[in-house]
Amino acid sequence: MTSTTAQNETAIGGTSEVELLIGGMTCASCAARVEKKLNRMEGVSATVNFATEKAKIAFGEGVRLDDLIATVEKTGYTAEEPAPPEPEPEAAPDTPERDPELGALRHRLLVSALLAAPVVLLAMIPALQFDNWQWLSLTLAAPVVVWGGAPFHRAAWTNLRHGAATMDTLVSVGTLAAFGWSLWALFLGDAGMTGIHDEFRFTVSRMDGASTVYLEVAAGVVALILLGRYLEARSKRRAGAALRALMELGAKDVAVLRDGREVRVPVASLAVGDRFVVRPGEKIATDGTVVEGISAVDAAMLTGESVPVDVGPGDPVTGATVNAGGRLVVEATRIGADTQLARMARLVEDAQNGKAEVQRLADRISAVFVPVVILIALGTFGAWLGVTGDTAAAFTAAVAVLIIACPCALGLATPTALMVGTGRGAQLGILIKGPEVLESTRRVDTVVLDKTGTVTTGQMTLQRVYVADGEDEKEVLRLAGALEHSSEHPVARAIAAGAEERAGALPRVEHFENVPGRGVRGRVEGRQVAVGRLAENTAGLPQELARAARQAEQEGRTAVVAGWDGRARGVLAVADAIKETSAEAVRGLRALGLTPVLLTGDNRTVAEAVAKSVGIDAQNVFAEVLPEDKVDVVRRLQREGRAVAMVGDGVNDAAALATADLGLAMGTGTDAAIEAGDLTLVRGDLRVAADAIRLSRRTLATIKGNLVWAFGYNVAALPLAAAGLLNPMIAGAAMAFSSVFVVTNSLRLRRFR
């Protein structure tokens, strides 16, 4: 196995997975053929995506990579592994990105269009038809049909050798038939005579076949379909731009600290544990932890978060984000394929390579559509010939059927919308794991929110300070904070941090003592200070402090009493702070028709207080739920007939995320939760959950709109062509437009906000 293989092949249990680039596919029926052939191999499960031109293949131990490539090649296409990513020199700002295939297609289109335009004008406008005009038309049309249409003829011949028919077969047969008829009429019929004039018709009518040429049909259809192909290819490139931009976000080189000196090296040579320098304005090379310096980090391009986040020693930072402030020294914790950027790109690419159920239906239809169309065209020719006896009219109607029926739009309907939707999601910090997720977002009616880390910050903070009459709030905070600073308890740390923030530097503590079950005590500035649920040596709480303690507990906060010299001086209310955006997020979820439910292991008082603050009804609160029981709550809601979405971030949420009809994992959470979720929200902002569901629903609606258009177009157009109501060139224009319409409609998702 080559080194490239090792990079692109993944083993799962006894099964390996590989991704192959498939060359030579021109329509959905090509993709369907390759997929069908691969899936016929024993121990192989393959998905081929026409839009991304990739095959994702899972295969057992008895199958070799060479066997897979050989099967694709026997089907008439090429297969190779994607080349490993190599750092490329950054292009100058004014240098446009070059795509050789797109450039070659544009060149073929321009030459064909310039040659075909006079042919079409001469045929459509009798006033321009000078003596022997038809011979000039032949001279101009011949290179268009032969050279311009060469990709269609080549593909049709390859498919014919393998006993198959695709869209290219329809185009090739239609244009060559029109050109062949014209040659017969010019050389063996009356059409080559001097003084012959022709009249362009939008519909089929009785005509003298021996004096009729179809050069404008042959040249015009090739030029129009090349135009459709070019616009389609350019749009597909734009559709995949978000993923390419995501993959190119990372830094190219990095200043690593080696023996106290900065050494500039490529990012690929970084190792876990290396320390590197990030100056203001530079990209952070890889995921790591800040070990020196204070700055603000701009993660907008990775998470969609517009406000830079302050970081200091001990804070994690993500590769590809930008250092917007001071100099940082970062220790690398993840490199290469393990970084958050690489994982995001992998998730997006997997989603784009997948297929929704509606796409599988479209593929099945595309696979049988072309042979059916050829039969319809033959039937049309026979019916017209039998009814009118006019060979030319019968031929024109049959060619119109062949050309208008190409199922391009059908094959592009789902993958282009999926590419744009998932790419736009990645730009906004929303990772959609696969196309089947889109169906789930449409069905869900209930959203279960884990409290800690999702609705709340997951960190205890000092919320309120109540002081007894005559006491100074800063003094209470200074002395209580100094004592709590020596404790490791989460509540103590919250009080110490809040005291430092509000009262400034904290004094030193002497004779610190932790009293199990009661709190802490010690000597601070000559005073014997005690902090705890019932502070040491306090005979009782003053009435105003007792009321404050009761109020704090009713609001779901932990009340801590602080005092010194035998008297209670204040009550400190500590709680897991509710995120500022949670209430707005709940309103957004309600606006989507979802019923929010709060799920927590905390006691009911705390849970109901949090629910009330963010706008969740008390009857939709599940409190005192053990981690292993979260799955049971989701199942109970499902048994009630609800389609459940679950939002969570912890290891103990992973099973519930997997059980729910739709799992939304907060990207700030654990790897287990992210792995179990269907949608990953890169930011720890609950508002993005509503955005994720909106984007998924919009993408699904776009897919369905595309499919309705594609199906409707073919169903409506075939009878019109068979009835003789469409000139073949008009049919070619309509077919090209249908593909462009589908791709352009998908590109509207790029404007999602």
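Residues numbered from 1 in each chain as written. Predicted model: local features only at pLDDT ≥ 70, side-chain atom pairs only at ≥ 80, totals over all residues. Heavy atoms only, no water.

Per an unreviewed UniProt entry, the recorded name for the protein is Cation-transporting P-type ATPase B, and the organism is Streptomyces fodineus. Here the protein is described in UniProt, under the heading Sequence similarities (unreviewed entry), as follows: "Belongs to the cation transport ATPase (P-type) (TC 3.A.3) family. Type IB subfamily." Taken directly from UniProt, the Subcellular location (unreviewed entry) text for the protein runs: "Cell membrane". (UniProt positions renumbered as here; feature names shortened; annotations may be inferred.)

*Asks:* An account of the overall build of the protein is needed here, citing residue identities and associated values.
*Replies:* Scanning the protein from N- to C-terminus turns up 26 helices and 27 strands. For the protein, restricting intrachain contacts to residue pairs at least 6 apart in sequence, the fraction spanning at least 24 positions comes to 71%. Carbon and sulfur atoms provide 55% of the accessible area of the protein, an area that totals close to 32,800 Å². (Helix = DSSP H or I, 4+ residues; strand = E, 2+ residues; numbered from the N terminus. Contact = heavy atoms within 4.5 Å. Areas by Shrake-Rupley, 256 points an atom, 1.4 Å probe, with all protein chains shown as cover.)

*Asks:* How would you explain the side chain of S112 if you had to name every residue and give the values?
*Replies:* Along the chain, S112 turns up in helix α4 (residues 100-124). Not counting the four nearest positions on each side in its chain, S112 is found in contact with V144, W147, G148, A223 and L226.

*Asks:* Hey, could you go over the sheet that holds strand β14 (residues 328-332) for me, with residue numbers and the actual values?
*Replies:* In spatial order, the strands read β7-β6-β8-β14-β9-β12; together these 6 strands make up an open sheet with antiparallel pairing. Across the chains shown, the open sheet's two edge strands, defined by having one partner strand only, are β7 (261-266) and β12 (316-317). The sheet contact formed by strand β6 (residues 253-258) and β7 spans 6 bridges and is antiparallel. Following the sheet pairing, A255 is matched in β7 by R264. (Pairing = 2+ DSSP bridges.)

*Asks:* Please give an account of helix α3 (residues 65-74) that cites residues and values.
*Replies:* Listed in full, the buried residues belonging to α3 are L65, L68, I69, T71 and V72. Burial along α3 is one-sided: seen end-on, the buried residues are contained in an arc of 155 degrees. One or two steps after α3, the chain reaches G76, where phi turns positive at roughly 110 degrees. (Buried < 20%, exposed > 50% of the residue type's maximum accessible area, 1.4 Å probe, protein only. Arc of directions from axis to C-beta.)

*Asks:* A description of the pairing of strand β8 (residues 275-278) should follow, citing residues and the corresponding values.
*Replies:* Where β6 and β8 come together, 2 bridges link them in antiparallel fashion. Opposite V256, over in β8, you have F276 as the bridge partner. When β8 meets β14, the two strands line up antiparallel, connected through 4 bridges. Residue pairing for β14: V278 is matched across the bridge by L328.

*Asks:* I'd like a description of the pattern of salt bridges, backed by residues and values.
*Replies:* Scanning all chains against the criterion turns up 23 salt bridges. R327 serves as the salt-bridge partner of E262, at 3.5 Å between the closest nitrogen and oxygen. Of the two residues, E262 sits in strand β7 while R327 sits in the loop between β13 (322-323) and β14, which places them 65 residues apart along the sequence. Taking the shortest distance from any N to any O, the salt bridge between D450 and K630 comes out at 2.8 Å. Here K630 lies in helix α22 (residues 630-639) and D450 lies in strand β16 (residues 446-450), a separation of 180 residues in the sequence. (Salt bridge = Lys/Arg side-chain N within 4 Å of Asp/Glu carboxyl O.)

*Asks:* How would you summarise the UniProt feature "transmembrane region" (unreviewed entry) in the protein if you had to cite specific residues and measurements?
*Replies:* When the UniProt feature table is mapped onto this chain, "transmembrane region" (unreviewed entry) is found at residues 109-129, 135-157, 169-189, 209-228, 365-387, 393-414, 706-723 and 729-747. Counting secondary structure, residues 135-157 comes out at 96% helix and 0% strand; the distance between its end C-alpha atoms is 29 Å. Along residues 169-189 the backbone is 90% helical and 0% strand, and the end-to-end C-alpha distance reaches 28 Å.

*Asks:* So what about the sheet that holds β13? Which residues, and what values?
*Replies:* The 3 strands are arranged β11-β10-β13 in an open sheet whose pairing can be described as antiparallel. Because the sheet does not close on itself, it has two edges, and the strands there are β11 (309-311) and β13. As paired strands, strand β10 (residues 295-298) and β13 are joined by 2 bridges and run antiparallel to one another. From the neighbouring strand, V297 faces β13, where its bridge partner is N323.

*Asks:* So, unusual backbone geometry: which residues are in play, and what are the values?
*Replies:* You will see that A320, though not glycine, has its phi angle at about 80 degrees, which is positive. When you line up the elements, A320 lands in the loop between β12 and β13. Backbone geometry places E525, a non-glycine residue, at a positive phi of 50 degrees. Checked against the element boundaries, E525 lands in the loop between β19 (519-524) and β20 (527-532).

*Asks:* Outline the packing of helix α15 (residues 436-443) against helix α25 (residues 687-722), supporting the account with residue identities and numerical values.
*Replies:* Contact geometry of α15 with α25 gives a least axis separation of 8 Å together with a crossing angle of 110 degrees. The pairing of α15 with α25 is recorded here as roughly perpendicular in orientation. Along the contact surface, α15 presents L438, E439, T441 and R442, while α25 presents I693, S696, R697, T699, L700, I703 and K704. Looking at the contact of α15 with α25, its residues break down into 4 nonpolar, 3 polar and 4 charged. (Axes fitted to C-alpha atoms, helices over the stretch in contact; angles between N-to-C directions. Parallel < 35°, antiparallel > 145°, perpendicular 65-115°, else oblique. Nonpolar A, V, L, I, M, F, W, Y, C, P; charged D, E, K, R; others polar.)

*Asks:* Any details on the pairing of β10? Residues and values, ideally.
*Replies:* In the sheet, β10 pairs with β11 via 3 bridges, with the strands oriented antiparallel. Considered in β11, the bridge of S295 is made with V311.

*Asks:* Residue-level account of the packing of aromatic side chains, with values.
*Replies:* One pass over the full model with this rule turns up 4 aromatic pairs. Plain terms: the ring middles of W135 and F187 are 5.3 Å apart, the flat faces sit at 75 degrees to each other, and that makes the pair edge-to-face. In this pair, W135 is assigned in helix α5 (residues 133-148) and F187 in helix α7 (residues 167-187), connecting sequence segments 52 residues apart. With centroids separated by 4.8 Å and ring planes inclined at 20 degrees, the aromatic side chains of W181 and F395 adopt a geometry described as stacked. With W181 in helix α7 and F395 in helix α13 (residues 391-404), this pair connects stretches of sequence that are 214 residues apart. For W181, a relative accessible area of 14% gives the class buried. The exposure class assigned to F395 is buried, which follows from its relative accessible area of 10%. (Phe/Tyr/Trp six-rings, centres within 6.5 Å; stacked < 30°, edge-to-face > 60°.)

*Asks:* Describe the layout of surface pockets, and please don't skip the residues or the numbers.
*Replies:* Over the atoms rolls a probe the size of a water molecule, and its path tells where empty space is left. Approximately 560 Å³ is the volume found for the second largest pocket. Residue lining of the second largest pocket: 16 residues in total, with T457, Q459, I578, K579 and E580 positioned closest to the centre. Residue assignment for the lining of the second largest pocket shows that the elements contributing at least two residues are β17 (456-467) and α18 (490-503). Among the elements that line the lining of the second largest pocket, the one with the most residues is β17, at 4 residues. (1 Å grid on protein atoms, 1.4 Å probe; cavity = no way out; pocket = protein on both sides within 12 Å on 5 of 7 lines; lining within 4 Å. Points joined across faces, edges and corners; volume = space filled by probe spheres on them.)

*Asks:* How would you summarise the packing of α5 against helix α6 (residues 150-161) if you had to cite specific residues and measurements?
*Replies:* A pair of packed helices is captured by two measures, namely the crossing angle of their axes and the spacing between those axes. At their nearest, the axes of α5 and α6 sit 5 Å apart, and the two run at 45 degrees to each other. Between α5 and α6, the angle falls in the class oblique. Where α5 abuts α6, its residues V145, V146, W147 and G148 lie against A150, P151, F152 and H153. Of the residues assigned to the contact of α5 with α6, the class counts are 6 nonpolar, 2 polar and no charged.

*Asks:* Explain the nonpolar core to me, using residue names and the numbers behind them.
*Replies:* Counting residues in each nonpolar core, the largest one holds 47 residues, and the members touching the most others are L449, L662, L664 and L679. In terms of residue count, α25 provides more of this core than any other element does, 9 residues in total. Each of two domains, domain 2 (102-240 + 352-416 + 703-751) and domain 4 (430-455 + 579-682), supplies a minimum of three residues to this core. Contacts of L664, omitting those with residues within four sequence positions, involve A645, M646, V647, G648, L657, L679, L681, A689, A692 and I693. (Core = buried A, V, L, I, M, F, W, Y, C linked by side-chain atoms within 4.5 Å. Domains from an automatic or database assignment.)

*Asks:* Give a detailed account of the environment of G382, specifying residues and quantitative values.
*Replies:* Residue position: G382 is located in helix α12 (residues 357-388). By relative accessible area, G382 is classed as partly exposed at 39%. Separated by 12 residues in the primary sequence, G382 and A394 have C-alpha atoms spaced 7.3 Å apart.

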